[in-house]
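Listed here are the chains, written in short residue letters.
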Amino acid sequence: MVHRTYAGLGSPDAAARDFEALRPYVRALWGLQAAVGYFTRDGSALDIALDSLQTAAFHFTRRPHFYGPKAPLEDACDLRDRAVVAGAFEALRPYALALRHLQSRCRPFGRDWQALNVALQGLDTTAFHFTGMAHFYGSRGDSAGPTPPPEARP
């Protein structure tokens with residue numbers, strides 16, 4: 001068996017750099033929230049993803065409100081138009097992958113891994129609210145190859 005050492009995200013300043021790299025995705029979520037309204041069901045669903053990331057950022061950096069005042073992207077699509085929902089959340093897939101990459105640096109199921117899992121689950125919960133698709137950012141296949149969508153299975 002091979003022993004693996006997990007470095008984690010390092011000092012709070014090093015972790016702050018990692019979380020700062022996620023700011024474009026935070027701005028995208030803020031833009032989506034501005035388009036649907038902050039105090040609506042959809043706005044609250046987007047708050048789940050944003051608050052879970054703020055929680056993870058606080059765990060590592062100890063900075064409350066790490067992302068500061070909202071600065072949404074102006075050209076965000078309107079999620080009330082259900083035809084654009086899947087594309088909007090597909091555009092956030094690199095964000096989910098970045099969170100998984102940060103998670104891979106932490107001991108599996110340790111407290112740091114779990115803190116990042118909060119952000120991942122928050123994003124997945126938000127995607128489920130809009131798309132109705134469970135595990136939107138989950139695996140697209142297994143060891144046997146790509147998994148077909150449910151409607152294509154016999």
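Keep in mind the model is a prediction, meaning the values are calculated, not measured.

Draft legend 1. Summary view of the overall build of the protein chain. Broken down by element type, the protein chain carries 6 helices and 2 strands. The order of helices and strands in the protein chain, counted from the N terminus, is α-α-α-α-α-α-β-β. Residues classed as buried in the protein chain amount to 38% of the 154 residues present. Intrachain contacts of the protein chain at a sequence separation of at least 6 include 71% that bridge at least 24 residues. When the accessible area of the protein chain is evaluated, it comes to approximately 9000 Å², of which 59% is carbon and sulfur surface.

Draft legend 2. Region of interest: helix 1 (residues 12–20). Buried within helix 1 we find Ala14, Ala15, Ala16, Asp18 and Phe19. In this structure, the buried side of helix 1 is in contact with helix 2 (23–36), helix 3 (41–61), helix 5 (93–104) and helix 6 (111–131).

Draft legend 3. Geometry of unusual backbone geometry. The backbone of arginine 62 sits at a positive phi, close to 60°, despite the residue not being glycine. Within the secondary structure layout, arginine 62 lies in the loop between helix 3 and helix 4 (85–90). Residue classification places arginine 62 among the exposed residues on the basis of a relative accessible area of 53%.

Draft legend 4. How the structure looks around the nonpolar core. Among the nonpolar cores identified, the biggest contains 41 residues, and Phe19, Leu53, Tyr67, Leu79 and Phe89 are the most heavily contacted of them. Elements that contribute at least two residues to this core include exactly helix 1, helix 2, helix 3, helix 4, helix 5 and helix 6.

Draft legend 5. Representation of the packing of helix 5 against helix 6. In the contact formed by helix 5 and helix 6, the axes pass within 9 Å of each other and the chain directions differ by 165°. On the basis of their axis angle, the class for helix 5 and helix 6 is roughly antiparallel. As helix 5 runs across helix 6, the sense of the crossing is left-handed. Residues Tyr95, Ala96, Leu99, Arg100, Leu102 and Gln103 of helix 5 form the contact with helix 6, whose participating residues are Trp113, Leu116, Asn117, Ala119, Leu120 and Leu123. Residue composition of the contact of helix 5 with helix 6, by class: 9 nonpolar, 2 polar and 1 charged.

Draft legend 6. A look at the pattern of salt bridges. Within this structure, the stated rule accounts for 4 salt bridges. Across the pair aspartate 18 and arginine 105 runs a salt bridge whose closest N-O atoms are separated by 3.1 Å. Separated by 87 residues along the polypeptide, aspartate 18 in helix 1 and arginine 105 in the loop between helix 5 and helix 6 bring together distant segments of the chain. Close ionic contact of arginine 93 with glutamate 90 constitutes a salt bridge, the shortest N to O distance being 2.6 Å. On the accessibility criterion, arginine 93 (15% relative accessible area) is buried. Of the residues examined, glutamate 90 reaches a relative accessible area of 36% and is grouped as partly exposed.

Draft legend 7. Expanded view of the side chain of threonine 126. Checked against the element boundaries, threonine 126 lands in helix 6. Using a relative accessible area of 0% as the deciding quantity, one classes threonine 126 as buried. Engagement of the side chain of threonine 126 in a polar contact is seen with the backbone nitrogen of alanine 49, the distance being 3.3 Å. Once you skip the residues sitting within four places of it in the chain, threonine 126 turns out to touch Ala45, Leu46, Ile48, Ala49 and Phe89.

Criteria and cut-off values
Residues numbered from 1 in each chain as written. Predicted model: local features only at pLDDT ≥ 70, side-chain atom pairs only at ≥ 80, totals over all residues. Heavy atoms only, no water. Helix = DSSP H or I, 4+ residues; strand = E, 2+ residues; numbered from the N terminus. Buried < 20%, exposed > 50% of the residue type's maximum accessible area, 1.4 Å probe, protein only. Contact = heavy atoms within 4.5 Å. Areas by Shrake-Rupley, 256 points an atom, 1.4 Å probe, with all protein chains shown as cover. Core = buried A, V, L, I, M, F, W, Y, C linked by side-chain atoms within 4.5 Å. Axes fitted to C-alpha atoms, helices over the stretch in contact; angles between N-to-C directions. Parallel < 35°, antiparallel > 145°, perpendicular 65-115°, else oblique. Left-handed = near helix turned anticlockwise from the far one by under 90°. Nonpolar A, V, L, I, M, F, W, Y, C, P; charged D, E, K, R; others polar. Salt bridge = Lys/Arg side-chain N within 4 Å of Asp/Glu carboxyl O. Polar contact = N/O pair within 3.5 Å; in protein donor to acceptor, adjacent residues only side chain to side chain.

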